[in-house]
Amino acid sequence: MNNINNEDKSKNNESEEKKKDSGFSFEEMQKQLQNALKNLGPNSFVIPVQPKKTEDGQKDEKKTQEEDNNKILDILKNFNLKPKEVKEYLDRFVIKQEDAKKVLSVAVCDHYNHIRNCIKNGQDKSWEYTKQNVLLLGPTGVGKTYLIKCLANLIGVPFVKADATKYSATGYVGHDVEDLVRDLVKLANGNTELAQYGIIYIDEIDKIACSTTDGSRDVSGRGVQINLLKLMEDSEVNLLSQTDMMGQMESVMNMMHGGGKKKKRTINTRNILFIVSGSFDKLSGMVKKRVSGTQIGFGNEGAKAVAKSEYLKQSTTADFIKYGFEPEFIGRLPIRVTCEELLPRDLEQVLTDSEGSILKQYVHDFKGYDIDFEITEKAISHIAEKAYHQHTGARGLMTIMERIFRNFKFELPSIDISSFIVDEDTVETPHRVLKTILKETQIKNIESLHQEIQDFIKSYKEQHGFSLKFNQAAENAIIKLSSETGKSVLNICNDKFKDYHLGLNLIADELINKNFTITARMINNPDKELSNKIAKFYKKNVK
């Protein structure tokens, strides 16, 4: 018997040992590293040993990776959208910007058709494909970022968005531009096959122009341009940053791992599409001076804004170089398109026609409280006009609508209201309109509470045979109590007068037709007041 138990223990121990050897978590590696460093001097270093993975684990990992890669390749091979189809999709979300939609649709279709050919036939070195990296110009809030997001969603590839201002030439101050590619891999859940066909979008690219206001050269901006230039070409990016110490440690662990296929440590940027954008406020002035012989203007503020975009449309490579971009950098952005400022009528369309309209969000928000939200055409026009004067494009719509509906969102869910209509008065004087709604609702609530009192009186007579009558003071006291406690009038009355019929039976002879008046004092202290009535009745009858 003991031998059997010993054998079972031995088997269990072997099973536990196998479990320990089958894998080694990153958390365990960190714990081991921390413990080792505690016992070492500042100049010492220990690499913890990682047990080997089992052969079955290696096979499963390899199989999963192959399945993921096959799915990705199938998506890219079957990409067969036409530029018009892509633009029709973008039309559903972004208002105006016809030129930008066409340019992006063609650039994306050409790019992924090239990738499909590369996957099917291999990289053809007999001819050099020039990647159609895109430069978008235009003021803030016109839909530049939204266009790229919609494109990424349509294609189904990872999409990284960043601001150029956060990057530095070295990466030690600020961020390394290669982090953009690493972020793309992270969004692809570590799948480099998918990440290498992603989209990198960099906003505020005009902020790294290396000309400064005093005429000197911004060395840091030039460094960022040069590093971005490498990425936009055809370069290998190390998936591990030099400043990522834990990532470096994990890489060492993988190198020490015996057997199995080593993980890919780099990613090529050849097939990553780069799209950059910026407002280029000062560039329009530079172009205007160059083409000063051409007069564009319509005599009003809105027209001046449109004219600004017209100047941007006439910008040349020489203008960008003068603005502060390296010739090699701007040369890697061959596709350039200007987005126009959104005028009030365009902002109206953003609210009514775009599938991503902020107005639909507000309708959904109020619907969550069972409140129907309606808005008139004039109200939409007023909102668009106010948003236009914010000079932040479609973002101004959110600013204006939040200012209008902030208190509505706070107050309306707590009152008895099923719908409300937003008109131009609501847009112009939201506080006054909300105050009116609250007052009207309060009046309706009071009428409803009075009706509840009458319903209680009716049910009380049917149940006990007494006709109760609440004087005005009593009704006011009940309504006030209901408002303060949140309890219904019916519940309050049932609670306060549940035993009243017993006392009323004692003084029934004095009541004419069993009528009894409820006073405000009885609301505050019903038992005491009824007891006083009964005492007076018996005192009177005893004499």
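We now turn to the structure provided with this report. Fair warning: this is a prediction, and the values are worked out from it, not measured in the lab.

## So, the overall build of the protein
Next, step 1: Within the protein, the regular secondary structure consists of 25 helices and 11 strands.
Next, step 2: In the protein, buried positions account for 40% of the 543 residues.
Next, step 3: Long-range contacts, defined as pairs at least 24 residues apart, comprise 76% of the intrachain contacts of the protein with a sequence gap of at least 6.
Next, step 4: About 31,300 Å² of surface is accessible on the protein, with carbon and sulfur atoms providing 49% of the total.

## Comments concerning the packing of aromatic side chains
Next, step 1: Per the stated rule, a full pass over the model turns up 23 aromatic pairs.
Next, step 2: Between phenylalanine 159 and tyrosine 201, the ring centres sit 6.4 Å apart and the planes meet at 20°, which makes this aromatic pair stacked. Of this pair, phenylalanine 159 sits in strand β2 (residues 159–163) while tyrosine 201 sits in strand β3 (residues 199–203), and the two are 42 residues apart along the sequence. One exposure class covers both phenylalanine 159 and tyrosine 201, and it is buried.
Next, step 3: Here a set of aromatic residues connected by ring pairs shows up, and it is made of Tyr362, Phe366, Phe373, Phe405, Phe408 and Phe420.
Next, step 4: Between the NZ or CZ atom of lysine 514 and the centre of the ring of phenylalanine 466, over which it lies, the distance is 5.1 Å.

## What to know about unusual backbone geometry
Next, step 1: In the Ramachandran plot, lysine 96 falls in the positive-phi region, its phi being about 65° despite a non-glycine side chain.
Next, step 2: With respect to the helices, strands and loops of the structure, lysine 96 is situated in the loop between α4 (83–91) and α5 (98–121).
Next, step 3: Residue glutamate 204 is not a glycine yet carries a positive backbone phi of 55°.
Next, step 4: Among the structural elements, glutamate 204 can be located in the loop between β3 and α9 (219–232).
Next, step 5: What makes glutamate 204 partly exposed here is its relative accessible area of 28%.

## Points about empty space enclosed by the protein
The rolling of a water-molecule-sized probe over the atoms marks out the regions of remaining empty space.
Next, step 1: Under the definition given, this model contains one cavity of 30 Å³ or more.
Next, step 2: The volume enclosed by the largest cavity comes to roughly 30 Å³.
Next, step 3: Lining the largest cavity are Glu341, Leu342, Leu347, Tyr388, His391, Thr392 and Gly393.
Next, step 4: Looking at the lining of the largest cavity residue by residue, the class counts come to three nonpolar, three polar and one charged.

## With respect to helix α22 (residues 489–496)
Next, step 1: Turning to α22, its buried residues number three or more, namely Val489, Ile492, Cys493 and Lys496. Axial view of α22: buried residues confined to an arc of 95°, hence all on one face.

## Comments concerning the pattern of salt bridges
Next, step 1: Applying the stated criterion across every chain, the model contains 20 salt bridges.
Next, step 2: Between aspartate 346 and lysine 96 there is a salt bridge whose closest N-O contact spans 2.9 Å. On the criterion of sequence distance, the pair formed by aspartate 346 in helix α15 (residues 344–352) and lysine 96 in the loop between α4 and α5 is long-range, its members being 250 residues apart.
Next, step 3: Residues lysine 101 and glutamate 98 are paired through a salt bridge, measuring 3.8 Å at the closest nitrogen-oxygen approach. Here glutamate 98 and lysine 101 lie together in helix α5, a separation of three residues that amounts to about one turn.
Next, step 4: Each of the salt bridges in this network shares a partner with another, and the network as a whole consists of Lys87, Asp91, Glu98 and Lys101.

## What to know about the layout of surface pockets
Next, step 1: Considering only enclosed or pocket space, the second largest pocket measures out at about 620 Å³ in volume.
Next, step 2: Looking at the second largest pocket, it is lined by 30 residues, and the ones nearest its centre are Gly141, Gly143, Tyr146, Ala394 and Arg395.
Next, step 3: With four residues, the top contributor of residues to the lining of the second largest pocket is helix α6 (residues 144–155).
Next, step 4: Residue composition of the lining of the second largest pocket, by class: 13 nonpolar, 10 polar and seven charged.

## Re helix α18 (residues 395–411)
Next, step 1: In a regular helix each residue adds 1.5 Å, so 17 residues correspond to 24 Å; α18 covers 25 Å between its end C-alpha atoms and thus fits that length.
Next, step 2: Largest kink in α18: about 45°, centred on phenylalanine 405.

## Remarks on the nonpolar core
Next, step 1: Ranked by size, the top nonpolar core spans 63 residues in total, and within it Leu136, Ile148, Ile199, Ile275, Phe408, Leu412 and Phe420 carry the most contacts.
Next, step 2: When residues in this core are grouped by element, the largest group, eight residues, is from α5.
Next, step 3: Apart from residues lying up to four places away in sequence, isoleucine 199 is in contact with Tyr112, Ile148, Ala152, Ile155, Val157, Pro158, Phe159, Val160, Leu184, Leu273 and Ile275.
Next, step 4: One finds Ala162, Tyr167, Ala188 and Phe325 within the second-largest nonpolar core, a separate group that totals 40 residues.

## Re the environment of lysine 313
Next, step 1: Considering the arrangement of structural elements, one finds lysine 313 in helix α12 (residues 301–313).
Next, step 2: Classification of lysine 313 by relative accessible area gives partly exposed; the value is 36%.
Next, step 3: Along the backbone, lysine 313 and glycine 138 are 175 residues apart, and their C-alpha atoms lie at a distance of 9.6 Å.
Next, step 4: Not counting residues within four places of it along the chain, the set of residues in contact with lysine 313 comprises Asp99, Thr338 and Glu340.

## Some points on a positive patch on the surface
Next, step 1: Residues Arg521, Lys528, Lys533 and Lys536 make up a contiguous surface patch of positive charge.
Next, step 2: With three residues, the top contributor of residues to the positive patch is helix α25 (residues 526–542).
Next, step 3: Note on placement: arginine 521 falls in helix α24 (residues 520–524).

## Digging into the side chain of aspartate 319
Next, step 1: By the element assignment, aspartate 319 lies in helix α13 (residues 317–323).
Next, step 2: The exposure class of aspartate 319 is buried, given its relative accessible area of 5%.
Next, step 3: In terms of polar contacts, aspartate 319 uses its side chain to reach the side chain of arginine 290, at 2.8 Å.
Next, step 4: Excluding residues that lie within four positions of it along the chain, aspartate 319 makes contacts with Leu283, Met286, Val287, Arg290 and Gln314.

## Brief notes about the sheet that holds strand β6 (residues 273–278)
Next, step 1: The five strands lie next to each other as β2-β3-β6-β1-β7, forming an open sheet whose pairing is parallel. Each of the sheet's edge strands pairs with one partner strand only, and the pair in question is β2 and β7 (335–338). Within this sheet the neighbouring strands show an average axis-to-axis angle of 15°, counted without direction.
Next, step 2: As paired strands, β3 and β6 are joined by four bridges and run parallel to one another. Note on β6: the bridge partner recorded for isoleucine 202 is valine 276.
Next, step 3: Running over the sheet, α6 touches β1 (134–137), β2, β3 and β6 and is turned about 170° from β3.
Next, step 4: This element, helix α7 (residues 179–187), spans β2 and β3 of the sheet and lies at about 145° to β2.

Calculation rules
- Residues numbered from 1 in each chain as written.
- Predicted model: local features only at pLDDT ≥ 70, side-chain atom pairs only at ≥ 80, totals over all residues.
- Heavy atoms only, no water.
- Helix = DSSP H or I, 4+ residues; strand = E, 2+ residues; numbered from the N terminus.
- Buried < 20%, exposed > 50% of the residue type's maximum accessible area, 1.4 Å probe, protein only.
- Contact = heavy atoms within 4.5 Å.
- Areas by Shrake-Rupley, 256 points an atom, 1.4 Å probe, with all protein chains shown as cover.
- Phe/Tyr/Trp six-rings, centres within 6.5 Å; stacked < 30°, edge-to-face > 60°.
- Lys NZ or Arg CZ within 6 Å of the ring centre and 35° of its normal.
- 1 Å grid on protein atoms, 1.4 Å probe; cavity = no way out; pocket = protein on both sides within 12 Å on 5 of 7 lines; lining within 4 Å.
- Points joined across faces, edges and corners; volume = space filled by probe spheres on them.
- Nonpolar A, V, L, I, M, F, W, Y, C, P; charged D, E, K, R; others polar.
- Arc of directions from axis to C-beta.
- Salt bridge = Lys/Arg side-chain N within 4 Å of Asp/Glu carboxyl O.
- Expected span 1.5 Å × (residues − 1).
- Bend = angle between axes of the 7 residues up to and from the residue.
- Core = buried A, V, L, I, M, F, W, Y, C linked by side-chain atoms within 4.5 Å.
- Patch = residues over 30% accessible without salt bridge, like charges linked within 9 Å, V, L, I, M, F, W, Y side chains within 5 Å.
- Lys, Arg positive; Asp, Glu negative; His and termini not counted.
- Charge placed at Lys NZ, Arg CZ, Asp CG, Glu CD.
- Polar contact = N/O pair within 3.5 Å; in protein donor to acceptor, adjacent residues only side chain to side chain.
- Pairing = 2+ DSSP bridges.
- Axes fitted to C-alpha atoms, helices over the stretch in contact; angles between N-to-C directions.

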